[in-house]
Amino acid sequence: MLPVSDPPPFSKPKSVEILDRKHSVFTSLKPYLSFHHNRRAWFFLSVLLLQLLLLLSAPSLPFSLSAVTAPSPHSSAALPNITYSSGNAGEQASAEGILSNPKIEEKCPYGKVYVYDLPPLFNTEIVKNCDNLNPWSSRCDALSNSGFGKAATGISRIVPEKVSGAWFWTDQFSLEVIYHNRMLNYRCRTLEPESAAAFYIPFYTGLAVERFLFTSNSTTEERDRHCNLMLNWVSDQPFFKKSSGWDHFITVGRISWDFRRSKDGDWGSSCIYMPKMRNITRLLIEKNPWDYFDVGVPYPTGFHPASVADVKLWQDFVSSRERHTLFCFAGATRGFIKNDFRGILLSQCYSEPGSCRVVDCGGSKCANGSSAILETFLHSDFCLQPRGDSFTRRSIFDCMVAGSIPVFFWHRTAYLQYQWFLPGEPESYSVFIDRHEVQNGTSIKSVLDKISKEKVKSMREKVIEYIPKMIYANSDKGLEGIDDAFDVAVEGVLRRIKEQEGGYKWK
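Bear in mind the structure is a predicted one, so any value in this text is a computation, not a measurement. Sequence order sets the numbering: in each chain, residues are counted from 1 along the sequence as written. In keeping with the model being predicted, local features are shown solely for residues with a pLDDT of at least 70 and side-chain atom pairs are shown and tallied solely at 80 or more, while totals for entire chains, interfaces and linings include all residues. Side-chain figures throughout are based on the complete set of non-hydrogen atoms in the structure, without hydrogens or water.

(A) A look at the sheet that holds strand β10 (residues 405-408). Between any two strands, pairing holds if DSSP finds at least two bridges. The helix and strand labels rest on DSSP assignments: H or I over at least four residues marks a helix, E over at least two residues marks a strand, and numbering proceeds from the N terminus. Read across the open sheet, the 5 strands follow the order β8-β7-β9-β10-β11; overall the sheet is parallel. Two strands bound the open sheet, and with one partner strand each, they are β8 (356-360) and β11 (431-432). The pairing of strand β7 (residues 325-331) with β8 spans 5 bridges and is parallel. By the bridge assignment, Phe 327 is partnered in β8 with Cys 356. Contacts: residue pairs with any heavy atoms within 4.5 Å of one another. Note on geometry: axes are C-alpha line fits, over the in-contact stretch for helices, and angles between N-to-C directions span 0 to 180 degrees. Against the sheet, helix α10 (residues 341-350) touches β7, β8 and β9 (380-385), its axis set at about 140 degrees to β7. Packing of helix α15 (residues 453-465) onto the sheet brings it into contact with β9, β10 and β11, and relative to β9 it is tilted by some 70 degrees.

What follows is the structure, encoded as structure tokens:
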């Protein structure tokens, strides 16, 4: 499914010029290389000859055997692909035995990342207090296993047995733990801040504020406390002072709007509006499309492959699925919202039982995914994706990982959010139906019925092709040769920092 790039060319043979130089040196010394001469002179000249030969041959000695990963593209139209990637510097031959070429770009073309060693107050202590992170239930299971959560038991009846171990009950708000763990093992991490192009702040922003978001009597000081303390600590570091933070970045496991409180009586924290945060790039599951320093990254899904073989097996599986339902919807109504759009979608689905499949997620029975949701997406050509509590929802990625084609009703649900991770041409992988038309009576089934089988096949292939960019691998060092969502996000930040160096930043 994923194309393999051509291996780099072998090292060039020794040049004729170098061989001629060696020959001329040997010829000039030949008269002296005789046992008729003084034995001591013979020994001296032999040593000299050996040194000269080594010196002249040094430029032609092959580099250590390794394969090189071509830099992954990040333009919206770029396709993910598999390349043979090398190990760390100093490793010997790769499994393929391909000679490296010094002209091929290095694995870290945009520089390396330094990870701050923050006080435990800002990350590990938050996880240790997982029982008290929200007022309803413990978050310990959700944050276990490096943020992936518990293994998705019982899912083997739906997915191939060989890949069932790659599925977990992953919480949609566990992004900060997942990124921190991967960053500590990132191939482009440096332990020397002087050599860093970017600086990662492993602050669990969303987890720190979660308890206070849902406690009715929490104060604005409580909601801002961790962020204020973190910014005071980071802004005191010499490399932050040097750049005013424009080469620093952070992960935020909640939506941008949870951190944009402009008045004391409003919802959330004011973390993003704090002056010291202004230049820091923020990787969020939902961004403010008009804030340069917000970058939207995929919600964590339940699929975390440990190898390239897992990815290929899953892509083949969803590609060959027989899908007997035209479209589906997994979600719950929002009864407190007047003219709830989700209610309209559910009504249309229930009125077309032969064409639409419903998973009613009233209550919390669909939290962090479920077997019923995955099975429904696997059976359907299209999946309806209205806005969630905000403009985005995790279901977008659950749907696409299952090879189902998303149907959007708001541009801000995906098109203005995940440009680094989704195809640049929306019509190549998705369907857009204006919500106002649906509210005025347009039948979703009639719109989808008009799409040809050839077009459906093409869109599904595009969705499946982009699956690697939507998932977070279950491997400390990522997948050998594939850029997953973590790789795309971090390299994108590094690239942007390099391109904007000395350029765009607030005054």
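(B) Inspection of the environment of Ser 262 at higher detail. Residue placement: Ser 262 occurs in the loop between β4 (248-255) and β5 (281-286). With 11 residues separating them in the primary sequence, Ser 262 and Tyr 273 have C-alpha atoms 7.7 Å apart.

(C) Region of interest: the nonpolar core. In this description, a nonpolar core means a group of buried Ala, Val, Leu, Ile, Met, Phe, Trp, Tyr and Cys residues linked to one another through side-chain atoms lying within 4.5 Å. The rule is simple: take the accessible area with a 1.4 Å probe, protein chains only, and divide by the maximum for that residue type; under 20% is buried, over 50% is exposed, in between is partly exposed. In terms of nonpolar packing, the biggest core is built from 76 residues, with Trp 167, Tyr 179, Met 183, Phe 249, Val 297, Trp 314 and Val 490 touching the most fellow members. Contacts of Phe 249, omitting those with residues within four sequence positions, involve Val 113, Met 183, Ala 198, Phe 199, Tyr 200, Ile 201, Ile 280, Thr 281, Leu 283, Val 490 and Val 493. Among the nonpolar cores identified, the runner-up in size contains 33 residues, and Tyr 116, Phe 122, Val 209 and Ile 280 belong to it.

(D) Structural context of the pattern of salt bridges. We define a salt bridge as a contact between a side-chain nitrogen of Lys or Arg and a carboxyl oxygen of Asp or Glu at a distance within 4 Å. Applying the stated criterion across every chain, the model contains 22 salt bridges. With a closest N to O distance of 2.7 Å, Glu 210 and Arg 139 form a salt bridge. With Glu 210 in helix α6 (residues 205-213) and Arg 139 in the loop between α3 (124-128) and α4 (140-143), this residue pair connects regions lying 71 residues apart in the sequence. Of the two residues examined, Glu 210 and Arg 139, each falls in the buried class. Across the pair Arg 187 and Glu 491 runs a salt bridge, and its minimum N-O distance is 3.4 Å. Of this pair, Arg 187 sits in the loop between α5 (175-184) and β2 (189-190) while Glu 491 sits in helix α16 (residues 485-499), placing them 304 residues apart in sequence.

(E) Structural detail: the pairing of β4. Counting buried residues in β4 gives 8 out of 8 residues, a clear majority hidden from the surface. Looking at chain direction, strand β3 (residues 198-201) and β4 are connected through 3 bridges and run parallel. Paired with Tyr 200 across the bridge in β4 is Phe 249. Pairing analysis gives 5 bridges linking β4 to β5, with the strands arranged parallel.

(F) Geometry of the packing of helix α9 (residues 308-319) against α15. Contact pair α9 / α15: the axes reach a minimum separation of 10 Å and the direction vectors enclose 160 degrees. Judged by the angle between their axes, α9 and α15 are roughly antiparallel. Helix-helix and strand crossings are classified by hand; for α9 and α15 the assignment is right-handed. Facing α9, whose interface residues are Gln 315, Val 318 and Ser 319, α15 presents Arg 460, Ile 464 and Glu 465. Three categories are distinguished: nonpolar for Ala, Val, Leu, Ile, Met, Phe, Trp, Tyr, Cys and Pro, charged for Asp, Glu, Lys and Arg, and polar for the others, with Gly belonging to the last. By residue class, the composition of the contact of α9 with α15 is 2 nonpolar, 2 polar and 2 charged. Put simply, angles under 35 degrees are roughly parallel, angles over 145 are roughly antiparallel, angles from 65 to 115 are roughly perpendicular, and the rest are oblique. Left-handed describes a crossing in which the near helix is turned anticlockwise from the far one by less than a right angle; the clockwise case is right-handed.

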